[in-house]
Amino acid sequence: MKIQQAILFCALLIGASNVYGQPGKNYPQFDRKNFHFGFALGGNSADYRYTFQPGMYNGDSIVSININKQAGFTLGIISSWDVHEMFHIRFIPSLSFQEREFNYGLLRNKEVNFETYRLESTFLDFPLMMKLRSKRINNFAAYGLAGIQYSVDLASQRDVVTVPGEAVMKMKKHDLSTQFGGGFDFFMAYYKFAIEIKISNGFQDLLIQENTLFSAPLNSLRSKVWWFTITFEG
């Protein structure tokens, strides 16, 4: 979480210095344009919504599972169609690096031992978002976001042949999720800067069940990701 906190702190500092440090309206022609382009960068915190079924695997009793969120990184390209001053349609193809850590509690000889499995993913994300913005007050505006995102996991091991007894976890390559969030626009002299936070929740079960040590006790896995983003548009 330290990466996201640093990003948000720097963003707020830059935004505040530009919004309140200069009199009058910056970049007044921004809202007269119908199309805007820019880039987005930030961090993510990836998790899963899951259902767990305690059971036995090769003589071990699996009694617990905890998924620890890990910090990731995202970079995207922004295309925005301003249908109205207060309503925008945004398409932001992105590359995101995500990681989750699974901690398993295994009961062996009346003692609980813990094993860890790290799942790393590299996604191509294609979110289509609707942005509803407030009226601009000098160099500031607030907004809400809602949309849908299609994702392709470039690091998916879906087609990898596993060896019997090998402790691996396979995930499906494609995902579809909803996104909701909001943020703040800060208008500078020659561009618009924004900070935003979003959450996405996947529709489908991504787990490929092959009854390995790490997949056997799981009934389902659905993606859940928090996004902390800063954007620049001209």
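Quick look at the structure, then. (Residues numbered from 1 in each chain as written. Predicted model: local features only at pLDDT ≥ 70, side-chain atom pairs only at ≥ 80, totals over all residues. Heavy atoms only, no water.)

All right, on to the packing of aromatic side chains then. Enumeration according to the criterion identifies 14 aromatic pairs in this entry. With 5.5 Å between their ring centres and 75 degrees between their planes, Tyr-27 and Phe-30 make a pair best called edge-to-face. Like Phe-30, Tyr-27 is buried. Measuring from ring centre to ring centre gives 6.3 Å for Phe-126 and Tyr-150, while their planes differ by 20 degrees; the resulting arrangement is stacked. Taken together, the positions of Phe-126 in strand β6 (residues 111–133) and Tyr-150 in strand β7 (residues 140–153) put the pair 24 residues apart, joining distant regions of the chain. Chaining the aromatic ring pairs together yields one cluster made of Phe-39, Phe-140, Phe-184, Phe-186, Tyr-191, Phe-193 and Phe-232. Above the face of the Tyr-48 ring, Arg-100 is positioned so that its terminal group lies 4.0 Å from the ring centre. The ring of Phe-187 carries Arg-136 above its face, with NZ or CZ at 3.8 Å from the centroid. (Phe/Tyr/Trp six-rings, centres within 6.5 Å; stacked < 30°, edge-to-face > 60°. Buried < 20%, exposed > 50% of the residue type's maximum accessible area, 1.4 Å probe, protein only. Helix = DSSP H or I, 4+ residues; strand = E, 2+ residues; numbered from the N terminus. Lys NZ or Arg CZ within 6 Å of the ring centre and 35° of its normal.)

Here we take up empty space enclosed by the protein. Counted according to the given criterion, the structure contains three cavities of 30 Å³ or more. There is about 120 Å³ of room inside the largest cavity. If you go around the largest cavity, you meet 16 residues; those closest to its centre are Thr-74, Ile-92, Ser-94, Lys-198 and Thr-229. Elements with a minimum of two residues in the lining of the largest cavity: β1 (35–52), β3 (60–84), β6, β10 (192–202) and β12 (218–233). A per-class count over the lining of the largest cavity returns five nonpolar, eight polar and three charged. The volume enclosed by the second largest cavity comes to roughly 60 Å³. Forming the boundary of the second largest cavity are Gln-98, Arg-100, Phe-123, Asp-125, Gln-149, Ser-151, Asp-175, Ser-177, Ser-200, Ser-223, Val-225 and Trp-227. Here the lining of the second largest cavity takes three residues from β12, the largest share from any one element. Here the lining of the second largest cavity is composed, by residue class, of three nonpolar, six polar and three charged. (1 Å grid on protein atoms, 1.4 Å probe; cavity = no way out; pocket = protein on both sides within 12 Å on 5 of 7 lines; lining within 4 Å. Points joined across faces, edges and corners; volume = space filled by probe spheres on them. Nonpolar A, V, L, I, M, F, W, Y, C, P; charged D, E, K, R; others polar.)

Side chains on a regular strand alternate between the two faces of the sheet. Here β1 pairs with β12 via 15 bridges, running antiparallel. By the bridge assignment, Ala-40 is partnered in β12 with Thr-231. (Pairing = 2+ DSSP bridges.)

Counting residues in each nonpolar core, the largest one holds 18 residues, and the members touching the most others are Phe-102, Tyr-104, Met-169 and Leu-221. Counting residues per element, the ones that place at least two in this core are β3, β5 (94–108), β6 and β12. Residues in contact with Met-169, not counting those within four places in the same chain, are Phe-102, Tyr-104, Tyr-117, Leu-119, Leu-207, Phe-214, Leu-218 and Leu-221. Of all hydrophobic cores here, the second largest spans five residues; its members include Phe-186, Met-188, Phe-193 and Ile-195. (Core = buried A, V, L, I, M, F, W, Y, C linked by side-chain atoms within 4.5 Å. Contact = heavy atoms within 4.5 Å.)

It is worth spelling out the pattern of salt bridges at this point. Enumeration according to the criterion identifies 11 salt bridges in this entry. Between Glu-233 and Lys-192 there is a salt bridge, with its nearest N and O atoms 3.1 Å apart. Of the two residues, Glu-233 sits in strand β12 while Lys-192 sits in strand β10, which places them 41 residues apart along the sequence. With relative accessibility at 2%, the residue Lys-192 sits in the buried group. As a salt-bridge pair, Lys-198 and Glu-196 come within 3.5 Å of each other at their nearest N and O atoms. A single burial state applies to Lys-198 and to Glu-196, both of which are buried. Taken together, the salt bridges that share partners define one network made up of Arg-90, Lys-131, Asp-185, Lys-192 and Glu-233. (Salt bridge = Lys/Arg side-chain N within 4 Å of Asp/Glu carboxyl O.)

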